[in-house]
Protein chains: 2
Amino acid sequence: MKPTHIEHIGIAVKSLDETIPYYEKLLGTACYAIEEVKDQKVKTAFFKIGDTKIELLESTDPEGPVGKFIEKKGEGIHHIAFAVKGIEGALEEAKENGIRLIDETPRKGAEGMTIAFLHPKSSYGVLTELCENKG
Amino acid sequence: MKPTHIEHIGIAVKSLDETIPYYEKLLGTACYAIEEVKDQKVKTAFFKIGDTKIELLESTDPEGPVGKFIEKKGEGIHHIAFAVKGIEGALEEAKENGIRLIDETPRKGAEGMTIAFLHPKSSYGVLTELCENKG
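Residues numbered from 1 in each chain as written. Chains lettered and ligands numbered in written order. Predicted model: local features only at pLDDT ≥ 70, side-chain atom pairs only at ≥ 80, totals over all residues. Heavy atoms only, no water.

1. Quick word on the pairing of strand 1 (residues 5-13) of chain B
Residues and elements named next belong to chain B. Put simply, the rule reads: Working definition: with a 1.4 Å probe on protein chains only, accessible area under 20% of the residue-type maximum means buried, over 50% means exposed, and in between means partly exposed. The way it works is that DSSP assigns letters per residue, a run of H or I at least four long becomes a helix, a run of E at least two long becomes a strand, and they are numbered from the N terminus. Any two strands with at least two DSSP-identified bridges between them are counted as paired.
Across the nine residues of strand 1, eight count as buried, placing the element largely inside the fold. Here strand 1 pairs with strand 4 (residues 52-59) via six bridges, running parallel. Its bridge partner lying in strand 4, I9 is registered against I54.

Structure (structure tokens):
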């Protein structure tokens, strides 16, 4: 596997309304998109920085993955997403290397990306996403 | 403030020996530097990906910041570092915006960078580093 770059860093926040102005100041750039991802029970807000992005994640359901994360660990960095070419092959390779998968087959994420998560249990505590822009 | 890119993502790990081979497979690239930062009580390992880096952090002292982080939260993503031009001015601006600083004045970090941390209390749970390569 050879990801080309970090596609985004996901950050779990309690409120987009509070954190968007903070990140606009910190990054000196406006939030360029807000999108609800119903499947993941989150509302997302995106900022571009260099060749990567910051993705703020506000839970829309306390039982969703980000709601549970915040309850357990508080607000903070939630995951890293690596951009790959050929996500199916990358998942296959991860599996062959003994990496546990959350998603055996890719699914749709924010911004029309094709995504899959690796399990933090076999990634030394880091929730890791692979994603591909199939355009 | 307008950081140019994410300089690195810091990840707290229990053992570099165990996690370096994992990241070499995941990123398809070799660890290019190992460095001890005595000041921070860590041994670091670096990987390049796109215009950013992954910095693995192994604690050399249970009482150090990474040792305490792992004891409290387990292994996982520890901080995000943004590359800025003019770190002193960026810190001044952060302060004017009500952001609490860990480092009032910049100090030396890994790879000869000039660095300063913002406090996660005013950064919505995200330990945030500013850094500048002053050459």
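2. Description of unusual backbone geometry
Residues and elements named next belong to chain B. Positive phi outside glycine occurs at E111, with the angle close to 60°. Residue position: E111 is located in the loop between strand 6 (107-108) and strand 7 (114-118). Residue E111 is classed as partly exposed on the basis of its relative accessible area, which comes to 28%. Even without being a glycine, Y124 presents a positive backbone phi close to 55°.

3. Brief notes about the nonpolar core
To be explicit about the condition: Nonpolar core, defined: a set of buried Ala, Val, Leu, Ile, Met, Phe, Trp, Tyr and Cys residues in which side-chain atoms within 4.5 Å join the residues together. Between two residues, a contact is recorded if the distance between any of their heavy atoms is within 4.5 Å.
If you look at the biggest cluster of nonpolar residues, it comprises 62 residues, and the most contacted ones within it are A:I54 and B:I54. Leave out the neighbours within four places in its chain, and B:I54 touches A:I6, A:I80, A:F82, B:I9, B:I11, B:Y23, B:L27, B:A45, B:F46, B:F47 and B:I49.

4. Re the packing of aromatic side chains
To keep things clear, this is the line we draw: Two aromatic rings, drawn from Phe, Tyr or Trp (for Trp, its six-membered ring), form a pair once their centres lie within 6.5 Å of each other, and the interplanar angle then sorts them: stacked below 30 degrees, edge-to-face above 60, tilted otherwise.
A complete count under the given rule lists eight aromatic pairs over all chains for this structure. Consider the rings of B:Y23 and B:F47, whose centres lie 6.1 Å apart with planes at 45°: the pair is tilted. Here the residue B:Y23 occupies a position in helix 1 (residues 16-27), and B:F47 occupies one in strand 3 (residues 42-49), the gap between them amounting to 24 residues. Classification of B:F47 by relative accessible area gives buried; the value is 0%. A network of ring pairs unites the aromatic residues A:Y22, A:Y23, A:F47 and B:Y124 as a single cluster.

5. Overview of the sheet that holds strand 5 (residues 76-83) of chain A
By definition, the strands of a sheet pair up through backbone hydrogen bonds, in either a parallel or an antiparallel sense. Residue and element names in this part refer to chain A. In space, the eight strands of this open sheet follow the order 2-3-4-1-5-8-7-6, with mixed pairing throughout. Of all strands in the sheet, those with a lone pairing partner are strand 2 (33-37) and strand 6 (107-108), marking the two edges. Both strand 5 and strand 8 (residues 128-132) contribute to a ladder of four bridges, which runs parallel. Residue A83 lies in a different strand from strand 8, and its bridge partner there is C131.

6. Here we look at the environment of B:I77
Secondary-structure assignment places B:I77 in strand 5 (residues 76-83). Along the chain, B:I77 and B:E111 lie 34 residues apart, while their C-alpha atoms are 20 Å from each other. With residues near it in sequence (within four places) discarded, B:I77 still touches A:I77, A:H79, A:I80, A:V126, B:I9, B:G10, B:I11 and B:F69.

7. With respect to the interface of chain B and chain A
To keep it simple, the criterion reads: Summed over both partners, buried area is the accessible surface (1.4 Å probe) that two parts give up on being assembled. Here a polar contact means two N or O atoms within 3.5 Å. Within protein one must be a hydrogen donor candidate and the other an acceptor candidate, and residues neighboring in sequence count only if both atoms are side-chain atoms. Each residue gets one of three labels, nonpolar for Ala, Val, Leu, Ile, Met, Phe, Trp, Tyr, Cys and Pro, charged for Asp, Glu, Lys and Arg, and polar for the others, Gly among them.
Facing 38 residues of chain B, the contacting portion of chain A comprises 38 residues. Together, the buried faces of chain B and chain A total about 3300 Å²; carbon and sulfur atoms form 66% of this surface. When the buried area of chain B at its contact with chain A is split by residue, B:Y22, B:L26 and B:Y124 rank highest and sum to 22% of it. Taken together, chain B and chain A are joined by nine residue pairs in polar contact (both at pLDDT 80 or more). Counting only elements with at least two residues in the side of chain B that touches chain A, the list comes to strand 1, helix 1, strand 4 and strand 5 of chain B. A per-element tally of the side of chain B that touches chain A places helix 1 of chain B first, with seven residues. Residue classes in the side of chain B that touches chain A are distributed as 18 nonpolar, 14 polar and six charged.

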